[in-house]
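Per-entry structural report
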Amino acid sequence: MQYRNAGASGLKLPVISLGLWQNFGAEADDVATRDIITTAFDHGVTHFDLADNYGPPQGSAEERFGRILHEELAGYRDEMVISSKAGYTMWPGPYGDWGSRKHLIASCDQSLRLMGLEYVDIFYHHRPDPATPLEETMGALASLVKAGKALYIGLSRYYASEAIKAQRILEGLGCPCILDQVRYSILDRTVETDHLLSALDGKIGMICFSPLAQGLLSSRYLSGSIPAGSRAKENRFLKEETITPAMVAKLNRLDMIASRRGQSLSEMALSWVLRNPGVSSVLIGVHSSEQLLENLSTVGQGWNFSEEELTEIDAIVFAQ
Ligand code: NDP
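Keep in mind the model is a prediction, meaning the values are calculated, not measured.

**Notes on the packing of helix α1 (residues 30-42) against helix α2 (residues 60-72)**
- Between α1 and α2, the least distance of the axes is 10 Å, while the angle of their chain directions is 65°. For α1 against α2, the interelement crossing comes out right-handed. In this structure, α1 uses Thr33, Arg34, Ile37 and Thr38 to contact α2, whose residues at the interface are Arg64, Ile68 and Glu72.
- Its residues placed into classes, the contact of α1 with α2 shows two nonpolar, two polar and three charged.

Here you go:
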C-alpha cells in the first residue's frame, strides 16, 4: 500500500480506502463481508468509511462493521482510521437529518454505540444544509472533536465556495478540516468544473467516492448485459437504464486504452483519479474479495498518463 497525507494534516490515508455504503447491510453475506474487511486490512487498507445511514437498513453497515471489528480485528484499532458521517435522514421528526447541532451530536453518539467505539477518526457532515447556519454545523463538528468523540473533521459533498467558508469557520474554532469527500471519476467531472482542487489548495485533501462510477468503469458491463447481483440489476443507485448501447460503446473504448496501458478498466479508472496529488485517497466499494484484490493491484502500477492518453480519454467521455 502507499499512503498520502489527508490534506495538510499529519494523518496518512491509504491511496485506496474501503467504503461500506453498499454490500454491507443486514442482508449481506457474513463470510464474504468478513473476508473483504480482513483482506483489505491485510493489504494495508487502513481506512474504512462508514455513515449512519449505510445499510440497508440504515445503521446496519455500522453494526456489521463493529461486530467484525471486535471479532476479527480486536487489538488493531490504533492501526485503523474509521470514519462516519451524519446529515441524511435517520429518524422521524425535525432532528433526524441535515446539519443542526442537535442532529449531528445525537447521530454521532448512535454511530459510536452501533460500532462499539469510543471515537471515530474522522467525522463528516454528510451534505451541506441550506437551512442551518454553517457556523452551527461546524461548531457541532468542533464540539465532537473537543469531546473526544472524533479526532478529525471532514466535509462531504461540499463544493468550492461552501468548503472554503466551512474551513475558515473551523480554523477559527481551532479544528482544521482535513478532507472533502466528493464524487470524482473519469465519467463524473463536477469537481473539475467547480475548480474544487485549486480552491482546497492542498489544505484540505480530496477523498473521492464512486471512482468506478458504481461499477460502470469496470469489466462488469462491457458485454452490454447486466449481470445478476450487480448494482445495476438492483436498479436503486445505479439504474439499469444507464447501461445504454452508447454507454457500453464508451466503456469499451476506455477499456481499449486501459488494455494498451496493460491495465484493466477499473485499474485505469483508479489510477486516473489518483494521478492528481491533491487526491488523498479513492474510496472504493466492493462486492467480493476478488474485486477488492483487482482494485488493489492498481497500487504500484504508477499514476502516470501521457497527454495523449488524457486527451483521448476526455474525447471519449465528452463525445455526444
Ligand atoms: P465504486 O465506484 O468503487 O463502485 C463500487 C461497485 O463497483 C461495487 O459494488 C461493484 O459493483 C463494482 N466493482 C468494484 N470493483 C470492481 C471490479 N474490480 N470488477 C467489477 N466490478 C467492480 O464506489 P461506490 O459507489 O461503492 O462508493 C464507494 C464508497 O464511497 C462508499 O462505500 C462510501 O463509503 C463512499 N460514498 C460516499 C458518498 C457521500 O455522499 N459522501 C456517496 C457514495 C459513496 P457490483 O456490486 O455490481 O459488483
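**A word on the pairing of strand β10 (residues 279-284)**
- Within β10, six of the six residues are buried, which leaves it mostly tucked inside the rest of the structure.
- With three bridges connecting them, strand β3 (residues 16-19) and β10 associate as parallel partners. Looking at the pairing, leucine 18 lines up with isoleucine 284 of β10.
- With four bridges connecting them, strand β9 (residues 205-209) and β10 associate as parallel partners. Among the inter-strand pairings, methionine 206 is bridged to a residue of β10, identified as valine 279.

**Comments concerning the sheet that holds strand β5 (residues 81-86)**
- With parallel pairing, the eight strands of this closed barrel are ordered in space as β3-β4-β5-β6-β7-β8-β9-β10. This sheet shows a mean twist of 30° between the axes of neighbouring strands, independent of strand direction.
- Of the pairings in the sheet, the one linking β3 to strand β4 (residues 47-49) comprises two bridges and is parallel in character. Bridge pairing in β4 places glycine 19 opposite aspartate 49.
- Along the sheet, helix α5 (residues 160-172) makes contact with β7 (150-156) and β8 (177-183), crossing β8 at roughly 160°.

**Remarks on the site of the ligand**
- Taken together, 31 residues sit near the ligand, with Gly19, Trp21, Phe209, Gly215 and Gly285 positioned nearest.
- When residues of the shell around the ligand are traced back to their parent elements, those giving at least two are β10 and α11 (289-296).
- At three residues, the largest contribution of residues to the shell around the ligand is made by α11.

**Remarks on the pairing of β8**
- The buried fraction of β8 amounts to six of the seven residues, a majority that puts the element mostly inside the structure.
- As defined by bridge partners, β7 adjoins β8 across four bridges and the pair is classed as parallel. Across the sheet, residue isoleucine 153 finds its bridge partner in β8, namely cysteine 177.
- With α5 bridging β7 and its parallel neighbour β8, the resulting β-α-β unit is right-handed.
- Pairing between β8 and β9: five bridges, direction parallel. Looking across to β9, one finds that valine 182 is bridged to cysteine 208.

Definitions and limits used
- Residues numbered from 1 in each chain as written.
- Predicted model: local features only at pLDDT ≥ 70, side-chain atom pairs only at ≥ 80, totals over all residues.
- Axes fitted to C-alpha atoms, helices over the stretch in contact; angles between N-to-C directions.
- Helix = DSSP H or I, 4+ residues; strand = E, 2+ residues; numbered from the N terminus.
- Left-handed = near helix turned anticlockwise from the far one by under 90°.
- Contact = placed C-beta atoms within 7 Å.
- Nonpolar A, V, L, I, M, F, W, Y, C, P; charged D, E, K, R; others polar.
- Buried ≥ 20, exposed ≤ 12 C-beta atoms within 10 Å, placed from the backbone.
- Pairing = 2+ DSSP bridges.
- Near = placed C-beta within 6 Å.
- Right-handed = clockwise from strand over helix to strand, strands pointing away.

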